[in-house]
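Observations on chain architecture
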Amino acid sequence: MGWIILGVIVLIIGLLLWFPIRVGVSSGEGGVALWVKLLFYTVRILPKAEKKETPRQAERRKRREARKDRKKLKSEKKKAARKKKEESSKEEKPPKEKQKKTLQEWLQLIKLFAQSGGRIARRFWKGFRIDHFTLQMAVAGGDAAQTAITYGKINAAVYSAYSVAGQVVTLRKTNIRIVPDFLSEQSRTKISGELFFRVGTLLAALFSGGIFLLKGFLAEKKQRPDKERDALEQQAVPQKAD
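Let me sum up the structure you'll find in this document. (Residues numbered from 1 in each chain as written. Predicted model: local features only at pLDDT ≥ 70, side-chain atom pairs only at ≥ 80, totals over all residues. Heavy atoms only, no water.)

Attention now goes to the overall build of the chain. Counting secondary structure elements, the chain contains six helices and seven strands. Mapped from its N terminus to its C terminus, the chain presents α and β elements in the order α-β-β-β-α-α-α-β-α-β-β-β-α. Taking all 242 residues of the chain together, the buried fraction comes to 16%. Contacts spanning at least 24 positions in sequence make up 71% of the contacts within the chain whose residues lie at least 6 apart. Total accessible area on the chain is roughly 20200 Å²; 60% of this is exposed by carbon and sulfur atoms. (Helix = DSSP H or I, 4+ residues; strand = E, 2+ residues; numbered from the N terminus. Buried < 20%, exposed > 50% of the residue type's maximum accessible area, 1.4 Å probe, protein only. Contact = heavy atoms within 4.5 Å. Areas by Shrake-Rupley, 256 points an atom, 1.4 Å probe, with all protein chains shown as cover.)

The subject of this paragraph is the pattern of salt bridges. A full pass over the atoms with the stated rule returns seven salt bridges. Between arginine 22 and glutamate 194 there is a salt bridge, with the nearest N and O atoms lying 3.0 Å from each other. Of the two residues, arginine 22 is situated in strand S1 (residues 20–28) and glutamate 194 in strand S7 (residues 188–198); the sequence distance between them amounts to 172 residues. When its relative accessible area of 21% is taken as the criterion, glutamate 194 is described as partly exposed. Here aspartate 181 and arginine 188 are joined by a salt bridge, their closest N and O atoms 3.1 Å apart. (Salt bridge = Lys/Arg side-chain N within 4 Å of Asp/Glu carboxyl O.)

With that settled, the discussion passes to unusual backbone geometry. Cis geometry is found at the peptide bond from leucine 46 to proline 47, where omega equals -5°. For proline 47, the location among the structural elements is in the loop between strand S3 (41–46) and helix H2 (55–89). If you check the backbone angles, histidine 132 has positive phi at about 50° while not being a glycine. One can find histidine 132 in strand S4 (residues 129–139).

Let us now look at a nonpolar patch on the surface. Side chains of Ile5, Ile9, Ile13, Leu17, Leu202, Leu203 and Leu206 sit close together on the surface and give an oily, nonpolar patch of about 620 Å² of accessible area. Looking at the nonpolar patch, the elements that each hand over two or more residues are helix H1 (2–18) and helix H6 (199–236). It is H1 that provides the largest number of residues to the nonpolar patch, a total of four residues. Within the secondary structure, isoleucine 13 sits in helix H1. (Patch = residues over 30% accessible without salt bridge, like charges linked within 9 Å, V, L, I, M, F, W, Y side chains within 5 Å.)

Moving on, we get to a positive patch on the surface. Among the surface-exposed residues, Arg56, Arg60, Arg64, Arg67, Lys68, Arg70 and Lys71 lie close enough to one another that they form a single positively charged patch. Take lysine 68: it is sitting in helix H2. When its relative accessible area of 60% is taken as the criterion, lysine 68 is described as exposed. (Lys, Arg positive; Asp, Glu negative; His and termini not counted. Charge placed at Lys NZ, Arg CZ, Asp CG, Glu CD.)

Moving on, we get to the nonpolar core. The biggest cluster of nonpolar side chains holds nine residues, and these are Ile21, Val36, Trp125, Phe128, Val164, Val168, Val169, Phe197 and Ala205. Excluding anything up to four places from it in sequence, alanine 205 contacts Trp125 and Phe128. (Core = buried A, V, L, I, M, F, W, Y, C linked by side-chain atoms within 4.5 Å.)

With that settled, consider the environment of aspartate 131. One can find aspartate 131 in strand S4. Relative accessible area serves as the criterion here: at 2%, aspartate 131 is assigned to the buried category. Sequence-wise, aspartate 131 and leucine 195 are 64 residues apart; in three dimensions their C-alpha atoms are separated by 6.4 Å. What aspartate 131 contacts, discounting residues up to four positions off in sequence, is Arg22, Arg172, Gly193, Glu194 and Phe196. There is a polar contact of 3.2 Å between the side chain of aspartate 131 and the side chain of arginine 22. (Polar contact = N/O pair within 3.5 Å; in protein donor to acceptor, adjacent residues only side chain to side chain.)

Here we come to the side chain of threonine 147. Summarising the element assignment, threonine 147 is placed in helix H5 (residues 144–168). For threonine 147, the side chain forms a polar contact with the main-chain nitrogen of glycine 141, separated by 2.8 Å. Here threonine 147 is in contact with Val139, Ala140, Gly141, Gly142, Pro180, Asp181 and Phe182, once residues within four sequence places are set aside.

Quick look at the pairing of S4 now. Note that S4 and strand S5 (residues 170–172) share three bridges and pair parallel. Looking at the pairing, aspartate 131 lines up with arginine 172 of S5. Taking the sense of rotation as the criterion, the β-α-β connection linking S4, H5 and S5 turns out right-handed. Inspection of the sheet shows S4 paired to strand S6 (residues 175–180) by six bridges, in the parallel sense. In the sheet register, threonine 134 faces S6, and the bridge partner there is asparagine 175. (Pairing = 2+ DSSP bridges. Right-handed = clockwise from strand over helix to strand, strands pointing away.)

Here is the structure:
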């Protein structure tokens, strides 16, 4: 009897891990549409269906919005007074410049994130599949020179991202078409596609992502004493008088 119960539990867990999920998205002139398909059941997330509200519900909504506006105004006044007090009591310090990551650095980080859990984790990441991905873009920049520059940058960014995505997940039936539009002043973009994965694939990807974050945290913790020691050594070096 015990073996039968154990077998049923294992079977249920296996079915849950095998459970397929599709997430679809499309964007164009008509707006953004987002849906999730579970087996034969589709849940539409965007656009949201408009609900008709009764006069009583509309009155309640207006009261809530009025209360929120009063609280927001009061909070902004407190923040302004606190900021003015801090500026008057503290010396102005030059803001630290934060180095922004380039597109190539972000793509490399995504690639390392997907490959962090080893060969088995990479196989699970390949279990994420993008089907029927379509990107149609007409690039415009106001004048011919600016359009050509923008067209080159977008081409480089899109195909770099596509190359990295192909190394991380599985791509099927893709259609990318980017053309310059020297007559228009505004670019036009249409994008659609479906992401297919199973529950087990998602859990394995989260596990490999956790390993990646843990490795990064341990590496940062290991380098921290060295950075602090270097900073102390620089402070200890006497400055030469002019």
